[in-house]
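# Coordinates in review
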Amino acid sequence: MARLSAVLATTHHPFFHKITELTPPEEQPPFAAEWKRKVLAYRETLTAAEPDVLVMVGSDHFHQFFADNYPTFLIGKQARYDATFYNEVREFSMPTYELQGHEDLSGFMFQGLLDRGFDFSISHELKIDHSIICPIITTRPRADLPVVPIYTNIFAPPLPSAKRFYDLGRAIASIIEEWPADVNVAAVGSGHLSLELGGPRMFGEHGPDPEWDLQAIRWLAEGDVDSILEDVTWESMTAAGNATPGFLDLVLMLGIAGPTGAAYVDDLDLFHTREMYMTWYPEGDPR
Amino acid sequence: MSRYAVNKFLYQVDGDPSLLAEYKADPAALVARWETEIGPWLGTGARTVERTSWISLTDAERQALVDHDYVALFEMGAHFFLTLTIFIALYDEEYAARSGPLSFQREYAAKLSAWTGREHPSVAL
């Protein structure tokens with residue numbers, strides 16, 4: 001049976017690559033060196049788990065999916081995936097990628113989700129956006145592992161509850177553990193802490209609600225799912241920023257890890273948003 | 001439900017560099033062309049056989065799009081991500097050259113400052 005060797009939950013900041021790789025060192029902002037140091041340290045938490053396959057959780061930002069046909073939960077099942085869209089290259093100088101897929105695990109996961117009452121959509125022509133490519137850049141820039149992409153709607157309300165995201169994570173973990181393959185699977189997902197986009201609190205000196213961010217990091221780091229299920233609602237998240245429901249994908253990752261403390265927790269307060277880097281090792285810490 | 005049409009306009013124009021260039025150069029002409037030639041085809045791809053008969057903009061929506069009025073679009077419940085992304089594409093470069101990085105984004109936020117601490121207009125589907 002497959003081993004769930006690591007679960008990573010992180011924010012995705014689309015400007016990391018542009019600021020730390022494409023900007024000449026002398027023109028980089030003062031926080032760039034520390035940002036890069038933290039990302040390299042975080043990358044080691046995935047490398048140490050020696051993954052063979054990555055289950056990637058993200059969300060399409062109106063790149064492929066629009067309101068004419070918007071899936072709540074969707075899985076890709078392809079041999080290859082193209083990644084990053086024209087307007088992400090335009091706005092974020094995002095690199096393009098071709099990722100190898102893992103059709104066998106995608107198919108096993110899709111059936112397993114249906115069997116557990118998660119009526120997923122499926123795509124055989126999915127293009128990957130920065131919600132998955134940002135964590136590829138930060139945690140596995142060689143992009144040498146096959147991926148199974150899972151997309152959630154954290155973006156176009158109404159959304160499923162935090163409990164549904166958590167339970168989905170639990171289901172994904174149980175399916176990975178049932179998969180009859182002698183391999184290490186790591187789950188890597190990205191979302192947001194408090195965030196505002198296209199609203200009055202965007203692009204400030206900090207994220208829109210720094211106190212909410214610290215609370216949210218504590219919840220995840222301690223595996224405090226009870227507090228999350230009690231306090232994380234559409235109303236409480238949007239009070240902390242109109243794009244804060246991206247936190248639901250981090251709740252999903254806690255669901256994959258289970259209600260337990262994280263092995264690695266780090267964060268970085270930046271303009272506009274706070275970055276978060278968190279890792280659990282369900283099979284034990286390999287470091 | 002013409003808010004759907006506004007979002008469809010923003011989505012389609014932002015995703016196509018030639019439409020985006022037209023929207024910057026002559027917003028009124030592009031909005032008119034979108035309403036007659038682009039918006040009424042089913043979905044958002046390159047389909048040109050199946051039509052949606054009811055896609056249209058209200059006068060206020062059309063005016064907001066022609067005026068590049070992102071505050072009005074925000075207040076109508078156009079999706080904040082679509083609106084931000086397309087206006088960054090239209091204005092970020094010239095603002096940054098003139099007034100420094102993020103100056104457009106900060107002006108955008110300031111123009112919406114009356115909404116700080118208030119529930120935003122719904123963007124629900």
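It should be emphasised that the depicted structure is a prediction, and the values quoted were computed from it without experimental measurement.

This next bit is on the overall build of chain B. The helix and strand inventory of chain B stands at seven helices and zero strands. For chain B, the succession of helices and strands along the chain, N to C, is α-α-α-α-α-α-α. Here the C-alpha radius of gyration of chain B, 15 Å, is about what a compact globule of 125 residues would show, namely 14 Å. Going through the 125 residues of chain B one by one, you find that 50% of them count as buried. The contacts in chain B between residues at least 6 apart in sequence include a share of 59% that link residues at least 24 apart. Of the charged side chains in chain B, 11 are positive and 17 negative; the average position of the first set lies 3 Å away from that of the second.

Time to look at the confidence of the model for chain B. In this model, chain B carries an average pLDDT of 96, and 99% of its residues clear a pLDDT of 70 or more. Note on the complex model: pTM 0.97, ipTM 0.95.

Residue and element names in this part refer to chain A. Burial runs high along strand E8 (residues 184-191): eight of the eight residues are buried. As judged from the eight bridges shared by strand E1 (residues 3-11) and E8, these two strands associate in the parallel manner. Bridge assignment links Arg3 to a residue of E8, and that residue is Asn184. Bridge count for strand E2 (residues 53-58) against E8 is five bridges, and the pairing is parallel. Counterpart to Leu54 in the pairing with E8 is Ala186.

Opposite the 33 residues of chain B that make contact, chain A presents 30 residues. Approximately 2,700 Å² of surface area, both sides summed, lies buried where chain B meets chain A, with 70% of it carried by carbon and sulfur atoms. Looking only at chain B, the three residues that lose the most surface to chain A are Phe80(B), Phe81(B) and Leu125(B), adding up to 24% of its buried area. Here chain B is connected to chain A by one salt bridge.

Take the pattern of salt bridges next. If you walk through the whole model with that rule in mind, you get 18 salt bridges over all chains. As a salt-bridge pair, Arg201(A) and Glu196(A) come within 3.2 Å of each other at their nearest N and O atoms. For Glu196(A), a relative accessible area of 0% translates into the label buried. The partner of Arg33(B) in a salt bridge is Glu37(B), with the nearest N and O atoms 3.0 Å apart. Placement of the pair is Arg33(B) and Glu37(B) together in helix H3 (residues 27-38), with a separation of four residues, close to one helical turn. Look at Arg33(B) and you get partly exposed, because its relative accessible area is 26%. When salt bridges with common partners are traced through the structure, they connect Arg140(A), Arg142(A) and Asp144(A) into a single cluster.

Backbone hydrogen bonds are what pair the strands of a sheet, in a parallel or an antiparallel way. All names here are of chain A. An order of E6-E3-E7-E2-E8-E1-E10-E9 is seen for the eight strands of this open sheet, with the pairing classed as mixed. In the strand order of this sheet, the two ends are held by strand E6 (121-123) and strand E9 (264-269), each with one partner. Put simply, the sheet's adjacent strands are angled 15° from each other on average, direction ignored. Taken together, the three bridges between strand E3 (residues 73-76) and E6 define a ladder with parallel strand orientation. The partner of Ile75 across the bridge, within E6, is Ile122. Running at roughly 135° to E2, helix H5 (residues 130-139) makes contact with E1, E2, strand E7 (147-152) and E8 of the sheet.

Residues and elements named next belong to chain A. Where burial is concerned, most of E2 is hidden: six out of the six residues are buried. Neither face of E2 is exposed, since Val53, Val55 and Val57 on one face and Leu54, Met56 and Gly58 on the opposite face are all buried. Bridging between E2 and E7 involves five bridges; their strand directions are parallel. Each residue of the ladder has a partner; that of Met56, found in E7, is Pro149.

Residue and element names in this part refer to chain B. Relative orientation of the contacting elements helix H1 (residues 3-14) and H3 amounts to 105°, with a least axis distance of 11 Å. Accordingly, the angle class assigned to the pair H1 and H3 is roughly perpendicular. In this structure, H1 contributes Ala5, Lys8, Phe9, Gln12 and Val13 to the contact, and H3 contributes Leu30, Val31, Trp34 and Ile38.

A few words on the packing of aromatic side chains. The final tally for this structure, using the stated rule, is 32 aromatic pairs over all chains. Ring centres of Phe31(A) and Trp35(A) lie 5.9 Å apart, and the angle between their planes is 55°; this geometry places the pair in the tilted category. Ring geometry for Phe73(A) against Phe165(A): centres 5.5 Å apart, planes inclined by 70°, an arrangement best described as edge-to-face. On the criterion of sequence distance, the pair formed by Phe73(A) in strand E3 and Phe165(A) in helix H6 (residues 162-178) is long-range, its members being 92 residues apart. Taking the relative accessible area as the measure of exposure, Phe73(A) reaches 8% and is therefore buried. Given a relative accessible area of 0%, Phe165(A) falls into the buried group. Following the ring pairs from residue to residue traces out a cluster consisting of Phe62(A), Phe65(A), Phe66(A), Tyr70(A), Tyr151(A), Phe155(A), Tyr4(B), Tyr11(B), Trp54(B), Phe80(B) and Phe81(B). Over the ring of Tyr91(B) we find Lys24(B), and its NZ or CZ is 4.9 Å from the ring centre. Here the basic side chain of Arg118(B) rests over the ring of Trp115(B), its NZ or CZ set 4.0 Å away from the ring centre.

The rules behind each value
- Residues numbered from 1 in each chain as written.
- Chains lettered and ligands numbered in written order.
- Predicted model: local features only at pLDDT ≥ 70, side-chain atom pairs only at ≥ 80, totals over all residues.
- Heavy atoms only, no water.
- Helix = DSSP H or I, 4+ residues; strand = E, 2+ residues; numbered from the N terminus.
- Rg over C-alpha atoms; globule rule 2.2 N^0.38 Å.
- Buried < 20%, exposed > 50% of the residue type's maximum accessible area, 1.4 Å probe, protein only.
- Contact = heavy atoms within 4.5 Å.
- Lys, Arg positive; Asp, Glu negative; His and termini not counted.
- Charge placed at Lys NZ, Arg CZ, Asp CG, Glu CD.
- pLDDT = per-residue confidence, 0-100.
- Pairing = 2+ DSSP bridges.
- Buried area = accessible area lost by both parts, 1.4 Å probe.
- Salt bridge = Lys/Arg side-chain N within 4 Å of Asp/Glu carboxyl O.
- Axes fitted to C-alpha atoms, helices over the stretch in contact; angles between N-to-C directions.
- Parallel < 35°, antiparallel > 145°, perpendicular 65-115°, else oblique.
- Phe/Tyr/Trp six-rings, centres within 6.5 Å; stacked < 30°, edge-to-face > 60°.
- Lys NZ or Arg CZ within 6 Å of the ring centre and 35° of its normal.

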